[in-house]
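# Topology and contacts: notes
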Amino acid sequence: MKTNKDTDLREALRRRYANTPSLPTDFTERLRERMDTKPAASHRGHWWGWMSAAAACLLIAIGVGVYYEFNKTPCSIAKLSAPDNKTECTQLSNRVHPIEQSSAPDEVIECTQSSNRGAPIRQSGRTNQAIGAYQSSNRARSTEISDTLGNGIWRSERNVAIAIQMLSECEETILREEQEMRNHIIQATFNATPQPANVVLVTNEAGDYEVIETKAIIEI
Amino acid sequence: MKTDKQIVDAVMSDQRKGLDLMVGHYGQEVFGMVVRLVGDVMDAEELTQDTFLRAFRSMDSYDPQRASLGTWLCRIAYRLTLDFMKRRRPLLVSIEDSEVWQTDINEEQLEAELSTGNEERISRLEELIDQLPPDERLLLMLHYFEERPLDECSFIMDASPHALANRLYRIRKKLHKQLQKI
């Protein structure tokens, strides 16, 4: 590699650094003193350094774990325990007429409050077929959270809950609040449009098939 | 006159004897480099002691194939000194670095500009050298003052010879730019 002359620069450096001080005469003695004392102190320093690093790592790990757990908890909808059926029926009695399916035909429906007439409603076999088909189609979809929802919650509400669970981010939604969740469910149920394809025939108490009223199943 | 191998063997077998040999042989060289960088005798002595202590403890890692013992000691001293200067104060921003590349001058012209023999320019260069960051000052010192080849400088400063050549060119352009302001 070519070396530049740069005589001015060399002269400036020579003037600047020519008078470099000499190494102190007692340099070697002082170095020996340090050699004799330094190792122990150095070893101790290393030990404390490693201990401090380990403690810091432990604290960080604990912090991360706690933070993760704290943020993970609200994702569960297990806390959305619904009150019993009667309360819900009362709230919605003037708007919708939910029908619980019974295993035996012509069984009196328990949710009597939903009827404005005050008389119990019997379901015909045809009605049970329609409801059965509707519920079996929904059963598969609601399997995932069926264990986490209380038994008292309606199927239509389950569908809403499923939809909300699928479409929302647990960390960001306000639906973590139980009351907020309930309000949304009620509003969604209220806004649901009856589907004409699922008209159910309801018979009178005597068991004949004279049509006294048509009901609609809410499908959301 | 002891060779590097004899000094290393002495350090391995008898530390005190090895210490005397190594300090006697390379003490002034290392101390001189450090004191020129830091400018303070007390600090330079402390750093030179640190250098020898570290060399003693890591003598196993010394590879005579890569560099001489003196160069290896200077490399340790350079690292320790840079760390010390960073702790003491932040490294100075190189003087008007941004203007350097705007200067349009070729190698021959630059060499001529820095070889005029003009007393005023030499004095001004002395002042400008003091304003350079420590790594740039050291490069000038090692290459121009101590006449070390760039390969040896690259081992001490842990940079490739090509990178150091570029850096040297940039420093010279920077000094030339400052000289134009006289």
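## A look at the overall build of chain A
Within chain A one finds six helices and three strands. The linear arrangement of helices and strands in chain A, starting from the amino end, is α-α-α-β-α-α-α-β-β. Residues counted as buried form 31% of the 220 residues belonging to chain A. By element, 56% of the accessible surface of chain A is carried by carbon and sulfur atoms, the whole surface being about 14,400 Å².

## What about helix H7 (residues 119-131) of chain B?
Residue and element names in this part refer to chain B. Helix length check: H7, at 13 residues, gives a terminal C-alpha distance of 19 Å against a target of 18 Å (1.5 Å per residue), a fit within 8%. Along H7, the positions that sit buried rather than exposed are Arg121, Ile122, Leu125, Leu128 and Ile129. Taken around the axis of H7, the buried residues stretch over an arc of 120 degrees, which confines them to a single face. A side-chain oxygen of the first residue of H7 lies 2.8 Å from the backbone nitrogen of glutamate 120; this N-cap is asparagine 118.

## A few points about the interface of chain B and chain A
Taken residue by residue, the interface counts 49 residues in chain B and 34 residues in chain A. A buried area of about 3,800 Å², summed over both sides, lies between chain B and chain A, and 60% of it is on carbon and sulfur atoms. Applying the counting criterion to the chain B and chain A interface returns eight salt bridges. In this structure, the salt-bridge partner of Arg15(A) is Glu119(B), at a minimum N-O distance of 2.5 Å. The interface formed by chain B and chain A holds 18 residue pairs in polar contact (both at pLDDT 80 or more) in total.

## Regarding the packing of helix H2 (residues 15-38) of chain B against helix H4 (residues 69-88) of chain B
Residues and elements named next belong to chain B. Where H2 meets H4, the closest approach of the two axes is 10 Å, and the angle between their N-to-C directions is 35 degrees. As for the relative orientation of H2 and H4, their crossing is right-handed in sense. Of the residues in H4, those touching H2 at Met22, Tyr26, Glu29, Val30, Met33, Val34, Leu37 and Val38 are Leu69, Gly70, Leu73, Cys74, Ala77, Tyr78, Thr81, Phe84, Met85 and Arg88. Per-class residue counts for the contact of H2 with H4 are 14 nonpolar, two polar and two charged.

## Quick word on the nonpolar core
Most often, soluble globular proteins keep nonpolar side chains buried together rather than apart. Core analysis: the biggest nonpolar cluster contains 67 residues, and Met22(B), Leu69(B) and Leu140(B) have the highest contact counts within it. Residues contacting Leu69(B), with those up to four places away along its chain left out, are Asp4(B), Ile7(B), Val8(B), Met22(B), Tyr26(B) and Tyr62(B). Formed by five residues, the second largest nonpolar core is a distinct cluster that contains Val160(A), Ala161(A), Ile164(A) and Met181(A).

## Considerations on the packing of aromatic side chains
Tallying each qualifying case throughout the model produces three aromatic pairs over all chains. Ring centres 6.1 Å apart and planes at 65 degrees place the aromatic pair Tyr17(A) and Phe145(B) in the edge-to-face group. In this pair, Tyr17(A) sits in helix H1 (residues 7-17) while Phe145(B) sits in helix H8 (residues 134-145), so the two residues belong to two different chains. On the basis of relative accessibility, which here comes to 3%, the residue Tyr17(A) falls in the buried class. The lysine or arginine in question, Arg75(B), covers the ring of Phe155(B), its NZ or CZ lying 4.5 Å from the ring centre.

## Digging into the packing of H1(A) against H7(B)
Running from amino to carboxyl end, H1(A) crosses H7(B) at an angle of 60 degrees, the nearest separation of the two axes being 8 Å. The angle between H1(A) and H7(B) places the two elements in the oblique class. Judged by the sense of rotation from one axis to the other, the crossing of H1(A) with H7(B) is right-handed. Contacts from Asp8(A), Leu9(A), Glu11(A), Ala12(A), Leu13(A), Arg15(A), Arg16(A) and Tyr17(A) in H1(A) reach Glu119(B), Arg121(B), Ile122(B), Ser123(B), Leu125(B), Glu126(B), Ile129(B) and Asp130(B) in H7(B). Its residues assigned to classes, the contact of H1(A) with H7(B) comprises seven nonpolar, one polar and eight charged.

## Some remarks on the environment of Gly117(B)
Of note, Gly117(B) is situated in the loop between helix H6 (107-113) and H7. Sequence-distant contacts of Gly117(B), that is, excluding residues within four places in its chain, are made with Asp8(A) and Ile122(B).

## Side note on the confidence of the model for chain B
Residue and element names in this part refer to chain B. Mean pLDDT over chain B stands at 86; residues scoring 70 or higher make up 90%. By mean pLDDT, helix H5 (residues 97-100) is the weakest element of chain B at 56, and helix H9 (residues 150-157) is the strongest at 92. Taken over the whole predicted complex, pTM reads 0.51, whereas the ipTM for its chain interfaces reads 0.78.

## A word on the pattern of salt bridges
For the coordinates displayed, the defined rule picks out 24 salt bridges over all chains. Where Glu46(B) meets Arg34(A), a salt bridge forms, and the shortest distance between an N and an O atom there is 3.8 Å. Remark: Arg34(A) occurs in helix H2 (residues 27-72) and Glu46(B) occurs in helix H3 (residues 41-57); the pair is interchain, linking two chains. Judged by relative accessible area, which is 43%, Glu46(B) ranks as partly exposed. For Glu146(B), the salt bridge identified is with Arg36(B), shortest N-O distance 2.7 Å. Residue Glu146(B) is located in the loop between H8 and H9, and its partner Arg36(B) is located in helix H2; the two are separated by 110 residues in the primary sequence. For Glu146(B), a relative accessible area of 22% translates into the label partly exposed. The class of Arg36(B) is buried, set by a relative accessible area of 14%.

Cut-offs used in this document
- Residues numbered from 1 in each chain as written.
- Chains lettered and ligands numbered in written order.
- Predicted model: local features only at pLDDT ≥ 70, side-chain atom pairs only at ≥ 80, totals over all residues.
- Heavy atoms only, no water.
- Helix = DSSP H or I, 4+ residues; strand = E, 2+ residues; numbered from the N terminus.
- Buried < 20%, exposed > 50% of the residue type's maximum accessible area, 1.4 Å probe, protein only.
- Areas by Shrake-Rupley, 256 points an atom, 1.4 Å probe, with all protein chains shown as cover.
- Expected span 1.5 Å × (residues − 1).
- Arc of directions from axis to C-beta.
- Polar contact = N/O pair within 3.5 Å; in protein donor to acceptor, adjacent residues only side chain to side chain.
- Contact = heavy atoms within 4.5 Å.
- Buried area = accessible area lost by both parts, 1.4 Å probe.
- Salt bridge = Lys/Arg side-chain N within 4 Å of Asp/Glu carboxyl O.
- Axes fitted to C-alpha atoms, helices over the stretch in contact; angles between N-to-C directions.
- Left-handed = near helix turned anticlockwise from the far one by under 90°.
- Nonpolar A, V, L, I, M, F, W, Y, C, P; charged D, E, K, R; others polar.
- Core = buried A, V, L, I, M, F, W, Y, C linked by side-chain atoms within 4.5 Å.
- Phe/Tyr/Trp six-rings, centres within 6.5 Å; stacked < 30°, edge-to-face > 60°.
- Lys NZ or Arg CZ within 6 Å of the ring centre and 35° of its normal.
- Parallel < 35°, antiparallel > 145°, perpendicular 65-115°, else oblique.
- pLDDT = per-residue confidence, 0-100.

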